[in-house]
Structure formats: structure tokens, C-alpha cells
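Below, each chain spelled out in residue letters.
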Amino acid sequence: MRKTIGVLAHVDAGKTTFSEQILYHTQAIRTCGRVDHQNTFLDGHAIERQRGITIFSDQAPFTYQGHEYTLIDTPGHVDFSAEMERSIQVMDCAVVVVSCVEGVQGHTRTVWKLLRQWGIPTLFFLNKMDRQGADPDGVMEQLRNKLSTGCVDFGTDFHHGRPGDRLVEQVAELDDGLLEKYLETGISEKDFAAAVRNMVKQGQLFPCFVGSALLDQGIEDFLEDLDFLIQGDEKEDPPLEGPFGGIVYKCRHDANGNRVMFLKVTSGQLRAKDEIVCRLPDGNVRREKINELRLCHGLKYTPLDVAKAGDLCAVTGLSGIQPGDGVGCVTEHPNYQTTPTLSAKVLWGETVPAKDVLKIFRLLEEEDPMLHVQWEEEQGEIQVRIMGPIQLEVLGAEVKQRFGLEVSFGPCRILYRETIATSAVGYGHFEPLRHYAEVHVKLEPGRRGSGITFESRCSSDLLDAHYQRLIETHVFERQHKGILTGSVLTDVHITLLAGRAHLKHTEGGDFRQATYRAIRQGLEQAQPILLEPYYAFQVEAEPEQLGRILADAERMRCQFDPPELTEDRAVVTGRGPVSTLMEYSRELAAFTRGHGQISLTFDGYEPCHNTQEVVESIGYDKDRDVQNTSDSVFCSHGAGFPVKWYEVKDYIHIKG
């Protein structure tokens, strides 16, 4: 059995200390490090040790009871959620660490939501039970009320596979068939074991355990119970025979500048010098050779002869793929939920050529595609997308440490998006001399959060199928801009209605130009909507601060649930615009004298609350954006001529 175990948590819940204990108990490391001593095994990067937080996902293999595991320690800070989500996709099981003092926090909910969306079997370890103010029972109640009624305390009534009566009853209540059997005949230990393993696998049951990672309490029992709970039928293990398939989840560059891709083998086997199929982001397919195969232990590695289905490994030699891509027989590309909400301009010294800075950030973009590095040639600016200000601080430190370059960043700016409220048909025609393509598309409002979707209703008698597939490729190969602020277009369903090619003059790029212009021309006719990012928030403070917090929430255009009150704490949860909430942590700290806390997590996009103000401040001029023109090009008397978007319908060649 080969299993990948991920460890996730809200920052400061004790996740890295817990991971150290797991590796120490399984003899994967000789000594157990501590975050405050800056000597933990998996937080080996200098920046991580200086800051005392996990920034990069790192892994280490271990063996327990003859079973092979790989542990992945993931970042706990919300600014590095993208790194965490990329690791989730290769996990077989997740352990969420929750502090017995702070309980369920904002990022705990984000982690939970992602794990459920990816369908990852999940266990909980309630940590820091030794700390003053620890309340394991209260945290268990939070898990059941805020996350799932399937969260069940296994730690006090589950001894190495032998359940107590109370536990059997609680588990049986989660499944009608099991409950009926329990009431009629009772449940044997063998049947109980099979039932809980299946319920964990299916996402019905989430076993919870209590302990203290720092004091090494509950770790050994947890390991034994984890091993028991996630054992499965060997027939369900990924196949070792058959074609190779894998998922790339991380990219790094080693000290020698080699591009190292981390992947999970999902089927078959992989050896050094093998040639594998790589499907590139542009849709092309090519074969690339694996130069070196590595087994990673934190920042160190050993050469590997073969990686089998279920294994994690690192390879060199792959140049065109990026995290999230499938290789071999895997063709899927994941739809990541983590989305940057801010952008910032990179600032550097005048003596450093811009192309050198851009080269560095392109390399960093290979490691974190969410950066979406943009070079604005007219302004001579480099823009990056980020999750928050801590990520910017880390980026600056990383550039200095790895490349010896001092950079800073401009103010964080909101990443707005645009969509449409009404449908429209867009026409695009591209016919300069010896070129030809015409495209008609219908644009319709899409479901919030759906992104760009596509279908074709064009007859193959009108336009050959391979041209239709080419148009689909052009729809998805770039991020289209809206006409209000030039922000990224989203939540639009695009239907190909018609198209035309020329037997002699149509070339590959012609349909690209016609498709872009058709989409843009349709946007000119539809009613645009500006969208702004929202945060889900949780504020905790002393009860006497509640009135001020609720007043602030209303002022910041937030919606919120009824407050939760105890003798010494008030908790307010809700959601609101990133633009109003992003600086609130400082204000909260000031009037609560440092006793108030707020956690913020991305929670989708909604119509902007101050559209006119934002449009005026951005000052985007759609007519001057020649890279995203709405106009078309027609041909007459051997020469091409431009036609404005509002006249294109009178010139198009496909009528009716």
C-alpha cells in the first residue's frame, strides 16, 4: 500500500510540529525539530525558518507497519493557499490540525472546503491540548456545527481498531444501513472496521483525535489508528501494469538551475531516460525525455531507479509543462479554486535592465503559475498577481536570496473582473490581403464562478470540424478583457454559431484574430457588469467590542451572521468586498489593543458596490486598446480596410 498523507491547518495550529513528530516516530528523521528553534526538517528554506511559517510544500517518505507513505507538509497562511491546493490534488488522505485553544478558524474552513471539493478522505488532530484555555470538547462541537456532523471523536473510545459502544453508536447514526444493523443484530469489530474505512473513504466520516504535538502526546496512537483507518483493498490500489500516467503538482529550480518537476505516478511505472507524453498548456502534445528521477526528503534527494503507481517523485528534463498538468495517459487539467485577488507592480533599480528582472519573475511564475506575471510594454512595468501582502514580502526576500536582486512593490491593487448581464451575438472578420476567417459567436451570462465555457452549434457543412476546434482553442488560450476596465472576462458562455474559411487564403492565425474580434464585438453590445472579489471573514474580539465591529461591518458593505457570544469572546462571521476589508486588520488591532483577530479567505466574485468610482479611477480606454480591438478587417480591390465594430454586421459574409 502506497499512500500520500497531507497535513493542513490554519497558521500557528502546530501543523509543522505535528509533521515532525510523525516523521520522528516512523524513524524518517533522527531528531524532532521545533519551529521556534528554526531547525524543523520540512521547513528547510531559510525564509521559512526566519519567519517561522511554512511557505513551500515539502515532502518526506516514511514506512509504518510495512506500509509506505509520503507526508506532505503544506503552507498554513492564507497568502500561500495556491501552493497548498496544488498539493491537495495528489493526496490520498488529509490530516487537518486544529488548535484546541483557537478552534475552527477562517483558514480551517477554506482548507475544509477545498478538501471536500477534491474529495479527499480527512481526519482531524486537535492539537495543543496542554495549553491554557484548551477546550477539546468545545472544538469538537465547533467541528460538528461548522464543518460536518460526520466529525466524530475517535481518540477516547477507539483503541487500535477496537471501538467502544458509544463510538459504534455515533458512527452507526451516520449511515441508515449501518444503524439498522446495529439496532437489530449489533455490529462485529470486523464489520465496524470495514464500515468506518469505507465511510472515511466516501467522505461520510471524519475521525477526530486529540493530543499535543509539542509534548509528543497522542502521536503514536494517532499513527496506529491512521494506518488502521485508511487501509483498503489491494485491488483498489493504482495499477502498476499498463501505461504510465502522472500529475504534476510542483515546480522548483535546484541549486544548479535545473527545472525540477514534482509529480505523482497515478498508473504504470516511470524510469529515468523514459520518454513520456506531455500535453502543453497551448494544447500541443510532444514527447520529452526524463533525465533524472529523484526521491525527495525535504530539500534533499536520492536518485531513484523506478517510481511506481502511488509514488511521489521529482524529475528533470521536462520543459513545457507546469503544475496541474497531466503527463502520460492523464489528460485532465484541474480547475483550481484558489484565486489571487490583488496585483502589484514590481519596482527595481534603474541600473538593472527590465529584461533581466522579467526573466527572474518568469522563472518564479514557472514555480507558481498563480503569479500571472504580466509585462506592460508601453509603461515598462511588470505586474504580478498575489493573495496578500505577506506573499509580496516573501517574494521580495526570495528574489534577493536566490538572485541577489533588491526589488520592492507598489501598492496592492484589487483584481476586478468583468462579465455580462445580457446576451449578444458578436461578429469577427479578418481579411487583410491573402488572409481570411469569419466567426460568429453568441455571448450569454454564465453562472457565477463558472468562468468561460464554450459549445459549438455550427454545422460542419458550413465550417470544417478542425476549424471549429481551432476556434475553441482560441477562446481558451488567452484571458479576454472586458470593456469597462480591461479586467479579465469571466462567467460567460460562448456558443459558436457560424464560421467561414477560404480554400487558399486561410492560415492558422486568421481564426485567432477573427475569434478575438468576435468576442470583443459581442461585448460591445452586451450589458457589462464589473465584479469585485469578496472575502469570507471571521472576527474575534472581547464582547464589549461587538457593537463597533457590527457597525464597521455595515460600513464596509458586509453581510454577516448573528454574532456568537461567550463570557469572554464575541465572534462575527460574514462576507464582504476585498476593497473594504483588506486593511481592516490594522484598524481592528488598534481599537481592540491587539486583542481582536480577523481571518480573511477568498470567497468568490460579486457585482461591484462602487462601479462608477472604480471605472473612473482605472481610466481604461477600450478604443485605444489595439491589442483587444472590437473592429474587423475586410478586403476590397486587393487591399484590407478596417471596419468599426458598430458597422461590422453590415459587412459580414455569412448572412441569416
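Placed above this text is the structure.
Residues numbered from 1 in each chain as written. Predicted model: local features only at pLDDT ≥ 70, side-chain atom pairs only at ≥ 80, totals over all residues. Heavy atoms only, no water.

### A word on the nonpolar core
- Residues Phe18, Phe154, Val171 and Phe222 are the most contacted members of the largest nonpolar core, which totals 44 residues.
- Aside from chain neighbours lying at most four places away, what touches Val171 is Phe154, Leu178, Phe192, Val196, Met199 and Leu205.
- In this structure, Val346, Ile382, Phe409 and Ala553 belong to the second largest nonpolar core, which totals 43 residues. (Core = buried A, V, L, I, M, F, W, Y, C linked by side-chain atoms within 4.5 Å. Buried < 20%, exposed > 50% of the residue type's maximum accessible area, 1.4 Å probe, protein only. Contact = heavy atoms within 4.5 Å.)

### Observations concerning the packing of helix H10 (residues 354-367) against helix H11 (residues 389-403)
- Across the interface, H10 lies against H11 with an axial gap of 12 Å and an inter-helix angle of 115°. The orientation of H10 relative to H11 falls into the category roughly perpendicular. Note on packing geometry: the crossing formed by H10 with H11 is right-handed. Between H10 and H11, the residues in contact are Ile360, Phe361, Leu363, Leu364 and Glu367 and Leu395, Glu398, Val399, Arg402 and Phe403, respectively.
- In terms of residue class, the contact of H10 with H11 is made up of 7 nonpolar, no polar and 3 charged. (Axes fitted to C-alpha atoms, helices over the stretch in contact; angles between N-to-C directions. Helix = DSSP H or I, 4+ residues; strand = E, 2+ residues; numbered from the N terminus. Parallel < 35°, antiparallel > 145°, perpendicular 65-115°, else oblique. Left-handed = near helix turned anticlockwise from the far one by under 90°. Nonpolar A, V, L, I, M, F, W, Y, C, P; charged D, E, K, R; others polar.)

### Topic: the sheet that holds strand S4 (residues 93-99)
- The strand order S2-S3-S1-S4-S5-S9-S6 describes an open sheet built from 7 strands, whose pairing is mixed. Whereas interior strands pair on both sides, the edge strands pair on one side only; in this sheet they are strand S2 (58-64) and strand S6 (151-153). Geometrically, the sheet is characterised by an average inter-axis angle of 25° between neighbouring strands, direction not taken into account.
- Across the face of the sheet, helix H4 (residues 106-118) comes into contact with strand S1 (2-9), S4, strand S5 (122-127) and strand S9 (206-210) while running at roughly 165° to S4. (Pairing = 2+ DSSP bridges.)

### Quick word on the side chain of Thr515
- As for its position among the elements, Thr515 is in helix H13 (residues 508-525).
- Residue Thr515 is classed as buried on the basis of its relative accessible area of 0%.
- Ignoring sequence-local partners within four residues, the contact set of Thr515 consists of Val439, Ile471, His474 and Val475.

### A closer look at the pairing of strand S10 (residues 245-253)
- Within S10, 9 of the 9 residues are buried, leaving the element largely enclosed by the surrounding structure.
- Here S10 hands over to strand S11 (residues 259-267) after 5 residues, with Gly257 in that stretch at a positive phi of 85°.

### What about the packing of helix H6 (residues 165-172) against helix H7 (residues 176-184)?
- Relative orientation of the contacting elements H6 and H7 amounts to 140°, with a least axis distance of 8 Å. Put simply, H6 runs oblique to H7. Contact residues: H6 offers Asp165, Val168, Glu169, Val171 and Ala172, while H7 offers Leu178, Leu179 and Tyr182.
- Here the residues of the contact of H6 with H7 sort into 6 nonpolar, no polar and 2 charged.

### Concerning helix H8 (residues 189-202)
- The end-to-end C-alpha distance of H8 is 20 Å, a good match for the 20 Å that 14 residues give at a rise of 1.5 Å each.
- Phe192, Ala193, Ala195, Val196, Met199 and Val200 are the residues of H8 that are buried. Taken end-on, H8 shows its buried residues confined to a sector of 170°, consistent with a single buried face. In H8, those exposed residues whose orientation departs by more than 90 degrees from the buried face are Lys190 and Gln202.
- Just downstream of H8 lies Gly203, where phi reads positive at about 80°. (Expected span 1.5 Å × (residues − 1). Arc of directions from axis to C-beta.)

Any functional reading would require information that these geometric values do not contain.
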